[in-house]
Amino acid sequence: MAVSLYQIAIDCHDAAALARFWTRVLDWQIVYEDPEEIVIGAGPSALPGIVFLTVPETKTVKNRLHIDLTPDDQAAEVERIIALGARRADVGQGDDVTWVILTDPEGNEFCVLRPKKTLLD
C-alpha cells in the first residue's frame, strides 16, 4: 500500500492569523479556507500542506513534533522571521547548538537550522 504525506495539522486559537504568519515565513499561499480550517502550501496542488485548525485549548508544553527550516543565511532569516512575529525560545538546547529555536505567535516551537548544501549534510 502506498502512502504519502498530505499535510501537517496545527491546532491554534486564531487560524487566520497563524496561517498568515506561516505564509510569510515560507513564502507560501492560502490554498483552502473555510470557517473550520485554513490550508497553506507552496501552490494549490503542491504537497504537503499545513492546515491550521481552531481549537479552544491552550498550548501547555513543548511540542513533540516541530518544523525545521533550512535557510541560505541563518542569521538574516532568524531576524526576518522575528520581524514577522516570532520569538526566540529556550527549551534547554544550550549555547553550543547550530540551530536557533523560535516560536510562532501562538508559542509553537520551530528551528532555523544552519545553511545546508544538500539534504544529507
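Residues numbered from 1 in each chain as written. Predicted model: local features only at pLDDT ≥ 70, side-chain atom pairs only at ≥ 80, totals over all residues. Heavy atoms only, no water.

> So, the sheet that holds strand β4 (residues 49-54): which residues are in play, and what are the values?
With mixed pairing, the 4 strands of this open sheet are ordered in space as β1-β4-β3-β2. Only two strands of the sheet have a single partner each, and these edge strands are β1 (7-12) and β2 (29-34). This sheet shows a mean twist of 20° between the axes of neighbouring strands, independent of strand direction. (Pairing = 2+ DSSP bridges. Helix = DSSP H or I, 4+ residues; strand = E, 2+ residues; numbered from the N terminus. Axes fitted to C-alpha atoms, helices over the stretch in contact; angles between N-to-C directions.)

> So, the environment of Gln93: which residues are in play, and what are the values?
Note on placement: Gln93 falls in the loop between β6 (87-88) and β7 (100-103). Not counting chain neighbours up to four residues away, the residues in contact with Gln93 comprise Trp99 and Ile101. Looking at Gln93, its side chain comes within polar contact range of the main-chain oxygen of Ala89, at 3.0 Å. Within polar-contact distance, the side chain of Gln93 engages the backbone nitrogen of Val91 at 2.7 Å. (Contact = heavy atoms within 4.5 Å. Polar contact = N/O pair within 3.5 Å; in protein donor to acceptor, adjacent residues only side chain to side chain.)

> Please provide a residue-by-residue account of the packing of helix α1 (residues 15-26) against helix α2 (residues 74-84), values included.
Running from N to C, α1 and α2 point in directions that differ by 155°, and their axes come no closer than 10 Å. The angle between α1 and α2 falls in the class roughly antiparallel. Crossing of α1 against α2: the hand is right-handed. Along its contact with α1, which presents Phe21, Arg24 and Val25, the element α2 presents Glu77, Arg80, Ile81 and Leu84. Grouping the amino acids of the contact of α1 with α2 by side-chain chemistry returns 4 nonpolar, no polar and 3 charged. (Parallel < 35°, antiparallel > 145°, perpendicular 65-115°, else oblique. Left-handed = near helix turned anticlockwise from the far one by under 90°. Nonpolar A, V, L, I, M, F, W, Y, C, P; charged D, E, K, R; others polar.)

> Go over α1 with me, naming the residues and quoting the values.
Counted at 1.5 Å a residue, the expected span for α1 with its 12 residues is 16 Å, and the 16 Å between its end C-alpha atoms agrees. Three or more residues of α1 are buried, namely Ala15, Leu18, Ala19, Phe21, Trp22, Thr23 and Val25. Phi turns positive, to about 55°, at Asp27, one or two residues after α1. (Expected span 1.5 Å × (residues − 1). Buried < 20%, exposed > 50% of the residue type's maximum accessible area, 1.4 Å probe, protein only.)

> Which residues make up the side chain of Asp104, and what values go with them?
If you trace the backbone, Asp104 turns up in the loop between β7 and β8 (109-112). For Asp104, which is buried and forms no salt bridge, the nearest opposite charge comes from Arg87, at a distance of 6.2 Å. When near neighbours in sequence (up to four residues on either side) are disregarded, Asp104 contacts Leu18, Phe21, Trp22, Arg87 and Phe110. (Lys, Arg positive; Asp, Glu negative; His and termini not counted. Salt bridge = Lys/Arg side-chain N within 4 Å of Asp/Glu carboxyl O.)

> Provide a residue-level description of α2, including the pertinent values.
Within the span of α2, buried status applies to Gln74, Val78 and Ile81. Around the axis of α2, the buried residues are gathered within 70° of arc, so they sit on the same side. Seen from the buried face of α2, the exposed residues on the opposite side, beyond 90 degrees, are Ala75 and Ala83. In this structure, the buried side of α2 is in contact with α1, β5 (67-69), β6, β7 and β8. Two residues or fewer past α2, Gly85 is found with a positive phi of approximately 130°. (Arc of directions from axis to C-beta.)

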